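Structural features, examined
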Amino acid sequence: MSLAKTEKAFLEYLKEQNALREAITLIQWDLRTKIPKKGVEQRSEVVGYLSQKLHQMQVSNEIKGFIDELKGQTQDEVIQKSVLECEETYEKNRKIPEVEFKEYVMLQSKGEAVWQEAREKADFAMFQPYLEKLVDYNKKFANYWGYKENIYDALLNNYEPGVTVKTLDEVFPKVRKSLTALLEKIEASSVRPDTTLLSTYFPKDSQKALSVDILNRMGYDWDAGRLDDTIHPFEITVNLNDVRITTRYDEQDFRMAVFGIIHEAGHALYEQNIDKKLEGTPLASGTSMGIHESQSLFWENFLGRNKIFWESHYDLFKKYAPSHFNKIPLQDFYHAVNEVKPSFIRIEADELTYPLHIMVRYELEKALINSEIEVKDLPHLWNEKMGEYLGIKPTSDREGVLQDIHWAGGDFGYFPSYALGYMYAAQFEHKMREKVDIEKVIRSGDFSSIRNWMTDNIHQYGKMKKPLDILHDVTGEGLNPDYLVKYLTTKYQDIYQF
Ligand code: ZN
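Residues numbered from 1 in each chain as written. Predicted model: local features only at pLDDT ≥ 70, side-chain atom pairs only at ≥ 80, totals over all residues. Heavy atoms only, no water.

1. Notes on the coordination of the zinc ion
Coordination of the zinc ion by the protein involves His 263 (NE2), His 267 (NE2), Glu 293 (OE) and Glu 293 (OE), with metal-donor separations of 2.1 to 2.7 Å. Seen from the zinc ion, its 4 donor atoms lie at angles of 50 to 128°, and the figure they make is irregular. Of note, the zinc ion draws all its donor residues from one chain, in the sequence arrangement H-x3-H-x25-E. Of the two residues, His 267 sits in helix α10 (residues 255-272) while Glu 293 sits in helix α11 (residues 289-303), which places them 26 residues apart along the sequence. (Donors = N, O, S within 2.8 Å, 3.2 Å for Na, K, Ca; no water. Tetrahedral: all angles 85-135°; square planar, octahedral: opposite > 155°, others 65-115°. Helix = DSSP H or I, 4+ residues; strand = E, 2+ residues; numbered from the N terminus.)

Spelled out as C-alpha cells, the structure:
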C-alpha cells in the first residue's frame with residue numbers, strides 16, 4: 001500500500017475506535033445522570049462489551065501494522081502524533097496478560113461497590129481485602145510497564161507523563177512547609193470570617209440562573225454542551241462539539257453548585273477549544289489530568305474566588321440571590337467564601353489546605369506501592385498524617401481514609417495531578433499577566449481575552465503536546481511551586497491581615 005493509502009486507512013481505523021469511545025462516553029454520562037435504577041445492570045454490561053471491543057482494537061495486529069508502517073514515515077504531524085499515542089496505548093495494554101486485565105476490571109467494579117458500603121458504615125476492614133488486591137495488581141502492572149527509578153513512576157505516567165517521584169519529593173515538601181507556616185499565621189490571626197452568613201435558603205432555580213449567567217461570561221458554548229444534575233459533579237467530553245458538565249445543588253449552601261459549575265466549566269472550556277482538526281483522533285482531549293485541573297482551578301479559584309471578581313460581580317450575584325444577602329457587606333461576603341479552616345474532607349477543603357490533603361494521600365500511596373507499608377495500617381497512618389499536616393484527626397474512617405473513590409477504582413498515581421494542576425495554574429496566571437490585564441478583564445465581566453490566552457497557549461493543542469512541554473513552552477520553566485505559594489500568601493495576608 002502507498003503511504004497515502006495507509007494514512008487514509010489508519011485514520012479510518014481511528015474513526016472506528018472513536019465511534020466506540022463516543023458511544024461509551026455517552027452511556028457513561030447517562031449512567032451518572034439520567035438512567036432509571038433498574039436499567040443500570042444491563043447498561044453496565046453494554047459498557048463492558050463496548051469497552052472490550054475498543055480494547056481489542058487498541059491491541060490488534062492491525063493497529064500494530066499501522067504503527068510499524070507509519071511511525072517516522074508520515075509527514076503529517078497529526079498522524080505522526082496519533083501513531084505515537086496509539087503505540088503508547090498498544091504497548092501499555094499488550095504488556096498486561098488478558099486474563100489479568102479481565103480480573104482487574106471485575107475487581108475495580110466490585111471494589112467500588114464494596115467501598116461505597118464500607119464508607120457508609122465507616123468500616124475499613126470490609127474494604128481492606130479488596131484494596132489489598134487492587135494494590136497488588138497495580139504493583140504488578142507497574143512492573144510490567146517498567147520504570148527507571150521508582151515503581152510509583154510507572155503509575156504516575158498514566159496521568160501525568162514526565163512527572164516523577166523525584167520531582168514530587170522535591171516540590172511537595174517545599175509547598176507543605178510554606179502552607180503550614182501560612183496556616184499557623186492564619187490561625188493566630190484575630191480575623192475570623194463568619195461563614196454562617198452564607199447559609200440561607202437559595203432556591204435551586206436561582207442558583208442555576210446565576211451559574212448560567214457566569215458561564216455565559218466565561219464563554220461556555222451552549223451549542224456544544226449542556227448542564228445537568230448529578231450526585232458527583234463532573235465534565236465529560238462526548239466529542240469536541242458535545243462537552244457536558246453536571247452539578248449538584250445544596251439549597252442551604254450556594255457554594256457547592258456555583259463554584260462547582262465554574263470549576264467544571266473550566267474543564268469544559270479546555271475541551272471545547274481544542275483544535276477541531278484533531279477530532280476523530282486520540283489527540284482530541286486534554287493532555288493530562290494535571291493540565292486539566294490547572295484550567296478548572298484557575299477559573300474556580302484564581303477568578304471565581306478573586307476579590308475583584310466579587311467587587312465587580314456582587315450586584316450580579318444579588319440579582320439572583322435571596323434578599324438575605326442585601327444585608328451582607330461585600331467585605332464580609334468575600335471573607336466568608338475564602339475562609340481557611342482545616343477540615344477532614346478533601347473536596348470541601350479551602351484553597352490553602354487543599355494541597356495538604358493531596359500530599360497525605362500521595363505519601364501513603366507511594367509507600368503502599370513501594371511495599372513500605374501495609375494496607376491494614378492505612379486508617380491509623382492516615383489519621384496520623386492528617387494530624388501532622390492539618391492539625392486535625394478524623395474520628396471515623398468515613399471522614400478519613402475511606403472518603404475518596406479513587407483507590408476503590410484502582411486509580412493509584414492520579415492524586416498528585418490535583419496539586420500539580422494548582423501549581424501549573426499559578427504559573428500560567430503569572431505568565432498571562434505579561435499580556436493580559438487580568439484585573440481589568442475581571443472588572444469588565446467579559447472574560448474572552450483570558451479564555452483566548454488559554455486557548456492560544458494550551459487548549460488548542462489537545463494531546464499534541466505533553467504536559468511538561470506545554471508548561472515549558474508557555475512559561476519558559478519547569479514545575480515551580482513558588483508562584484502558587486506567592487499567590488496564596490498575598491491573598492491570605494490581605495484577608496487575615498498578617
Ligand atoms: Zn476538576
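2. Describing the nonpolar core
By size, the foremost hydrophobic cluster in this structure holds 129 residues, and its most contacted members are Phe 254, Phe 317, Phe 325, Phe 333 and Ile 450. With 10 residues, the single largest contributor to this core is helix α16 (residues 416-432). Grouped together as the second largest cluster of nonpolar side chains are 18 residues, Tyr 13, Ile 24, Leu 50 and Ile 67 included. (Core = buried A, V, L, I, M, F, W, Y, C linked by side-chain atoms within 4.5 Å. Buried < 20%, exposed > 50% of the residue type's maximum accessible area, 1.4 Å probe, protein only.)

3. Details of the packing of aromatic side chains
Overall, the coordinates contain 37 aromatic pairs when judged by the stated rule. Taking the centre distance of 6.4 Å and the plane angle of 40° together, the rings of Phe 309 and Phe 447 count as tilted. Taken together, the residues Phe 309 in helix α12 (residues 307-320) and Phe 447 in the loop between α17 (438-444) and α18 (448-457) connect sequence positions 138 residues apart. The cationic tip of Arg 244 hangs over the ring face of Trp 29; the distance from NZ or CZ to the ring centre is 4.4 Å. (Phe/Tyr/Trp six-rings, centres within 6.5 Å; stacked < 30°, edge-to-face > 60°. Lys NZ or Arg CZ within 6 Å of the ring centre and 35° of its normal.)

4. Re the pairing of strand β3 (residues 242-247)
For β3, the buried fraction is high: 6 of the 6 residues fall into the buried class. Along β3, one buried face is formed by Asp 242, Arg 244 and Thr 246 and the opposite face, lined by Val 243, Ile 245 and Thr 247, is buried too. Both strand β1 (residues 227-229) and β3 contribute to a ladder of 3 bridges, which runs parallel. Opposite Asp 228, over in β3, you have Thr 246 as the bridge partner. (Pairing = 2+ DSSP bridges.)

5. Some points on the domain arrangement of the protein
A common measure of how large an interface is: the accessible area buried when the components associate. When cut into domains, the protein gives domain 1 (3-122) and domain 2 (165-496). Placing the centre of domain 1 and that of domain 2 at their C-alpha centroids yields a distance of 28 Å. Contacts between the two partners involve 28 residues from domain 1 and, on the opposite side, 30 residues from domain 2. Around 2,600 Å² of area is buried between domain 1 and domain 2 when both sides are counted, 60% of it from carbon and sulfur atoms. On inspection of domain 1 and its partner domain 2, the count reaches 3 salt bridges. (Domains from an automatic or database assignment. Contact = heavy atoms within 4.5 Å. Buried area = accessible area lost by both parts, 1.4 Å probe. Salt bridge = Lys/Arg side-chain N within 4 Å of Asp/Glu carboxyl O.)

6. Considerations on the side chain of Asn 138
As for its position among the elements, Asn 138 is in helix α6 (residues 124-145). A relative accessible area of 4% means that Asn 138 is categorised as buried.

7. Quick notes on unusual backbone geometry
Of note, Ala 122 is a non-glycine position whose phi angle comes to about 50°, a positive value. Take Ala 122: it is sitting in the loop between α5 (98-121) and α6. Taking the relative accessible area as the measure of exposure, Ala 122 reaches 25% and is therefore partly exposed. A positive phi angle, close to 55°, is found at Ser 371, a residue other than glycine.

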